[in-house]
Amino acid sequence: MTRIASHRGGTLEFGDSAPAGFAATAQMPLEEVEFDVHPTRDGEIIVHHDATLDRTTDRTGAIAELPAAEVLSALINYGQGGHPLTLAQLCEVFEGSAVAFRCEIKPGADGRPYPDFVPRVVATLSEKGRLETTVFSSFLLDSLTEIAAACDRPRLWLVSPPVLMQLGAEGVIEIARSRGIPEVSVHIDQADAVLMAQAQAAGLDFGCWAAHSAAQVCRALDLGVKVFTTDRPSLAIALRTRHLRREDVQ
Ligand code: FE
């Protein structure tokens, strides 16, 4: 069965990386919650998509240049009055939930990996008893290398549309294999049966990201990808239920 990952706690249903979305996701009949992490100036780990607060909250500034207290008091736009969570707080929201973590390692506002950040993320997840049910993702190959050095949890490479266009399927597969990356994930609009078959023939797992519309979710389900991320987890669950019923009938 194709796995569903609630992207940033279901951005289009609950706001971007909002506590209400994570709390709702923890109770949903889906397999994964996707989220992104950034360090604060004083060493806290924050769950937020953007490297800055500008687009998604009532504050401005780069998370890595602000103290945690300031980041945690930002109000998330359309987030039901919620503030950003720390990674430790997110672990507490999911205590007792069967939903697994899909943790994306983001770069800073300058596009570069945060120095010495990955081992701290791994340590926090480990302290909270969450590491064994976490998979990691990143667009950055260097971050994927850092993850492999810090733990033996599964990693997947988020392949951006320009990277896939420039390298082609063969180039992406070659890089993934040479770096020991076992899974690739492409934008849903670039996914098709040929690309999926190529990746799988090379021994790679294949998934998609950004399946937000009904048509995109159905495309992921029809292809039978391993997993897809979606900003509309409730919609994805309903469509998957319908899809599975139809398969039963056939
Ligand atoms: Fe992400």
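Residues numbered from 1 in each chain as written. Predicted model: local features only at pLDDT ≥ 70, side-chain atom pairs only at ≥ 80, totals over all residues. Heavy atoms only, no water.

**A look at the coordination of the iron ion**
Then comes step 1: Of the protein atoms, only E34 (OE), D36 (OD) and E104 (OE) coordinate the iron ion, at distances of 2.0 to 2.2 Å.
Then comes step 2: Site description for the iron ion: donor spacing in sequence, E-x1-D-x67-E.
Then comes step 3: The buried category is assigned to E34, whose relative accessible area is 2%. (Donors = N, O, S within 2.8 Å, 3.2 Å for Na, K, Ca; no water. Buried < 20%, exposed > 50% of the residue type's maximum accessible area, 1.4 Å probe, protein only.)

**Some points on unusual backbone geometry**
Then comes step 1: If you check the backbone angles, S17 has positive phi at about 55 degrees while not being a glycine.
Then comes step 2: As for its position among the elements, S17 is in the loop between α1 (11-14) and α2 (19-26).
Then comes step 3: We classify S17 as buried; its relative accessible area is 1%.
Then comes step 4: Notably, Q80 is not glycine yet its phi reads approximately 55 degrees, a positive angle.
Then comes step 5: Positionally, Q80 belongs in the loop between α3 (68-72) and β4 (85-86).
Then comes step 6: Using a relative accessible area of 61% as the deciding quantity, one classes Q80 as exposed. (Helix = DSSP H or I, 4+ residues; strand = E, 2+ residues; numbered from the N terminus.)

**Here's the deal with the packing of aromatic side chains**
Then comes step 1: Under the defined criterion, the tally for this structure stands at four aromatic pairs.
Then comes step 2: Ring geometry for F35 versus F101: centroids 5.0 Å apart, planes at 80 degrees, classification edge-to-face. Of this pair, F35 sits in strand β2 (residues 32-39) while F101 sits in strand β5 (residues 100-105), and the two are 66 residues apart along the sequence.
Then comes step 3: The class for F35 is buried, based on a relative accessible area of 0%.
Then comes step 4: Taking the relative accessible area as the measure of exposure, F101 reaches 0% and is therefore buried.
Then comes step 5: Judged by centre distance (5.4 Å) and plane angle (75 degrees), the rings of Y114 and F117 are edge-to-face.
Then comes step 6: Judged by relative accessible area, which is 1%, F117 ranks as buried. (Phe/Tyr/Trp six-rings, centres within 6.5 Å; stacked < 30°, edge-to-face > 60°.)

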